[in-house]
Amino acid sequence: MVDINKRVFWHLTFKDILSLLCSAAIPIALAIYTAIGSQQQKQEAERTRQFDLEQAEKIRQFDLEQSAEIRQQNLYDEFINNIYKLDKDGYLNDTKNPWAFANAYYRAAHLQWDAKRKAYVLQFLKEKQLIGRHNCTNGCRTTKLDDIIRLNKLNFDNVHLASQTGVLNQLDLECVSFDQVSMSNATFSFASLYGVSFDGGRFDNVKFDGSSLACASFNGVNLSGADFGNSNLTGARFSNSDMTGAKITEDQINQASFDNVIMPNGKNSETTPSTTTKKPIAETTTILKTEMSTTTLSSTTTTTSPSLSSSTTLSTTIPSTTSISASSSTSSPTTTPSTSTTTTTTTTATATSTSTTTVTTTTTTSTSSSSTKTSITSSTTTTSIGNGTFSPQVTYSVGLLPYAVVVANVNNDDKIDFITVNDENNTVSILLNTGNGTFSPQVTHSVGTNPRSIAVADVDSDDKPDIITANFGSNTISILLKTADGTFAPQTAYAVGSQPHSVAVADMNDDSKPDIIVANHGENTVGVLIHC
């Protein structure tokens, strides 16, 4: 039997080794346990700290949101109260046009609102008839009224405009002008958007859900990614716009009209008017120019006899015109002793011209000689007569909110062109007559702020037509002189009275120079600018 106490392992007995291991294992185990426990405590403490931080952040975020919500609500309430005061003090009446203070106050407040408050204010402004003041009969505008509050060039990204009762009663936003606004990612749910103008705006990814867009205008609009849902587009007009990736059904495309539009498939649209063309009336003839020709016939006959002397002179003047059909009857003169006879003959042309001929015959007879004198005078009057009907309109794109139009031969080619003043763009648009009944695309020139009236006259005596505008917003008139190369020089502005609304050109002091007359709407005066 082996004596365990006598075994040696590196000069130690096995018992010694076991004793050493046992004495070392317990502290090591305790140290490991303590380290693990400490690590767990640290992790738990870290989790607790993270939880506390998250809770504190949530509380802080909630407090910030509550504070922001309270601030937004206070801003909204303050705006409503101040609008009430402005209305009470008469600052929103038509006599205060263009309501500059109210507009400035609204725009300043708009910068501080969130998307929800912006939607609330839009609904309030419409209810108060401060925007969308036009009358939209059958969906289309039938009046032309200035909005008291103007929304152009403002940001309405992410707004949600929705009816409170859904399909039962649509949200009334009829005839509102959203010109040049940004409405990216906006939503219109069950909204009545009859006659609304979205011209020049950014409406990418906008959604129209169950809304009515009858007669709405989209000119120069970014509609990429837009979703028209199940909205009604009857009579809506899309021109010069981008609809890349937009969601629109074939039925909706057939309801609307498209001119120079990038369609959802990436192709450019052909002009697709939403109106039908009436057949021309063959019986209607329009005479634009009538040339008159005159023929004079003179004949003299003399007969001599012992008891009777007769002399006859015939003189005829006949103005003639082109007519469709005519029937005439002429009575011949009758010679009777001591008798005077007057005969009147009327010739009538059908449809487009009326001709009247008068014949006068006088006969005189004496005892020893007979003298007969016949005088025939014919006069013809031609009048163009229409039947009171017109073909459907053909539209041409001009600037935003065109306010007045004038016709003139701008480029001296004997064809009538037309010019518009565009209130929102502060421009004039010139469309030249191509000679085949159509007009070339617009060419624009800058003028003063909010042009409302236009006149064309040669103000610098160079036999070229110049353009004069009355600028409502800048209290000026602008003169654009025609240059030798056929274009127009940059505007020259002249100060006039408050809110000029109409302009005319005439020689007021008999010096053979054109003077300018302007009606100043804001101060109830008329201004006269005498040509130097």
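Located above this text is the structure these notes cover.
The following refers to the structure shown.

Thresholds applied
Residues numbered from 1 in each chain as written. Predicted model: local features only at pLDDT ≥ 70, side-chain atom pairs only at ≥ 80, totals over all residues. Heavy atoms only, no water. Phe/Tyr/Trp six-rings, centres within 6.5 Å; stacked < 30°, edge-to-face > 60°. Helix = DSSP H or I, 4+ residues; strand = E, 2+ residues; numbered from the N terminus. Buried < 20%, exposed > 50% of the residue type's maximum accessible area, 1.4 Å probe, protein only. Salt bridge = Lys/Arg side-chain N within 4 Å of Asp/Glu carboxyl O. Core = buried A, V, L, I, M, F, W, Y, C linked by side-chain atoms within 4.5 Å. Contact = heavy atoms within 4.5 Å. Pairing = 2+ DSSP bridges. Axes fitted to C-alpha atoms, helices over the stretch in contact; angles between N-to-C directions. Arc of directions from axis to C-beta. Parallel < 35°, antiparallel > 145°, perpendicular 65-115°, else oblique. Nonpolar A, V, L, I, M, F, W, Y, C, P; charged D, E, K, R; others polar.

## Examining the packing of aromatic side chains
Logical step 1: With the rule as written, the count across this model stands at 20 aromatic pairs.
Logical step 2: Each ring, one from Phe 198 and one from Phe 218, has its centre 4.7 Å from the other, and the planes form 10 degrees; the classification is stacked. One end of the pair, Phe 198, is in the loop between strand E6 (191–192) and strand E7 (207–209); the other, Phe 218, is in strand E8 (residues 217–219), with 20 residues separating them in the sequence.
Logical step 3: Owing to a relative accessible area of 0%, Phe 218 belongs among the buried residues under this scheme.
Logical step 4: Ring geometry for Phe 418 and Phe 439: centres 4.8 Å apart, planes at 65 degrees, overall edge-to-face. In this pair, Phe 418 sits in strand E19 (residues 417–422) while Phe 439 sits in the loop between strand E20 (427–431) and strand E21 (443–446), placing the two residues 21 residues apart along the sequence.

## Details of unusual backbone geometry
Logical step 1: Despite not being glycine, Ser 461 has its phi angle at roughly 55 degrees, a positive value.
Logical step 2: Locating Ser 461 in the fold gives a position in the loop between strand E22 (451–457) and strand E23 (466–471).
Logical step 3: Unusually for a residue other than glycine, Asp 510 sits at a positive phi of about 55 degrees.
Logical step 4: Mapped onto the elements, Asp 510 comes out in the loop between strand E26 (500–506) and strand E27 (515–520).

## Details of the pattern of salt bridges
Logical step 1: Inspection of every chain in the model, using the stated rule, returns 10 salt bridges.
Logical step 2: The shortest N-O distance in the salt bridge between Asp 423 and Arg 150 comes to 3.9 Å. One end of the pair, Asp 423, is in the loop between E19 and E20; the other, Arg 150, is in the loop between strand E2 (140–141) and strand E3 (160–162), with 273 residues separating them in the sequence.
Logical step 3: The class of Asp 423 is buried, set by a relative accessible area of 0%.

## Considerations on the nonpolar core
Logical step 1: Counting 56 residues, the largest nonpolar core has Tyr 106, Met 183, Phe 198 and Phe 238 as its most contacted members.
Logical step 2: Sorting the residues of this core by element identifies helix H1 (14–88), helix H2 (100–110) and helix H3 (115–127) as the ones contributing at least two each.
Logical step 3: It is H1 that contributes the most residues to this core, five residues altogether.
Logical step 4: With sequence-adjacent residues up to four places away left out, Phe 238 is seen in contact with Phe 218, Leu 223, Phe 228, Leu 233, Met 243, Ala 256, Ser 257, Phe 258, Asp 259 and Val 261.
Logical step 5: Listed in part, the 12 residues of the second largest apolar core include Val 406, Ile 419, Val 428 and Ile 430.

## Things to note about the sheet that holds strand E25 (residues 492–495)
Logical step 1: Strand order in this open sheet of four strands is E22-E23-E24-E25, and the pairing throughout is antiparallel. In the strand order of this sheet, the two ends are held by E22 and E25, each with one partner. Taken pair by pair, the neighbouring strands of this sheet meet at an average axis angle of 20 degrees, ignoring direction.
Logical step 2: Sheet topology places E22 next to E23; six bridges connect them, and they run antiparallel. Paired with Ser 453 across the bridge in E23 is Ala 470.

## A word on H2
Logical step 1: If you check which residues of H2 are buried, you get Ala 102, Asn 103, Tyr 106, Ala 109 and His 110. Down the axis of H2, the smallest arc covering the buried residues is 135 degrees, so these residues share one side. Along H2, the residues that are exposed and aim more than 90 degrees away from the buried face are Ala 100 and Phe 101.

## Focus on the packing of H1 against H2
Any two packed helices are characterised by the angle at which their axes cross and by the distance between the axes.
Logical step 1: Where H1 contacts H2, the axes come no closer than 12 Å and their chain directions differ by 180 degrees. What the angle tells us is that H1 and H2 run roughly antiparallel. Contacts from Glu 78, Phe 79, Asn 82 and Leu 86 of H1 reach H2 at Phe 101, Ala 102, Tyr 105, Tyr 106 and Ala 109.
Logical step 2: Taken together, the residues of the contact of H1 with H2 break down into seven nonpolar, one polar and one charged.

## Notes on the environment of Gly 448
Logical step 1: Here Gly 448 lies in the loop between E21 and E22.
Logical step 2: Accessibility expressed as a relative area gives 10% for Gly 448, which makes it buried.
Logical step 3: Taking the C-alpha atoms as reference, Gly 448 lies 9.8 Å from Ile 479; in sequence the two are 31 residues apart.
Logical step 4: Non-local contacts of Gly 448, meaning those with residues more than four positions away in its chain, are made with Asn 426, Asn 471, Ser 474, Ser 478 and Gln 491.

## Here we look at the sheet that holds strand E9 (residues 237–239)
Logical step 1: What the three strands build is an open sheet, ordered E8-E9-E10; its pairing is parallel. Here the strands that pair on one side only, and so sit at the sheet edges, are E8 and strand E10 (257–259). Pairs of neighbouring strands in the sheet enclose a mean axial angle of 10 degrees, with direction left out of account.
Logical step 2: In this sheet, E9 lies alongside E8 in parallel orientation, the contact comprising three bridges. Among the inter-strand pairings, Phe 218 is bridged to a residue of E9, identified as Phe 238.

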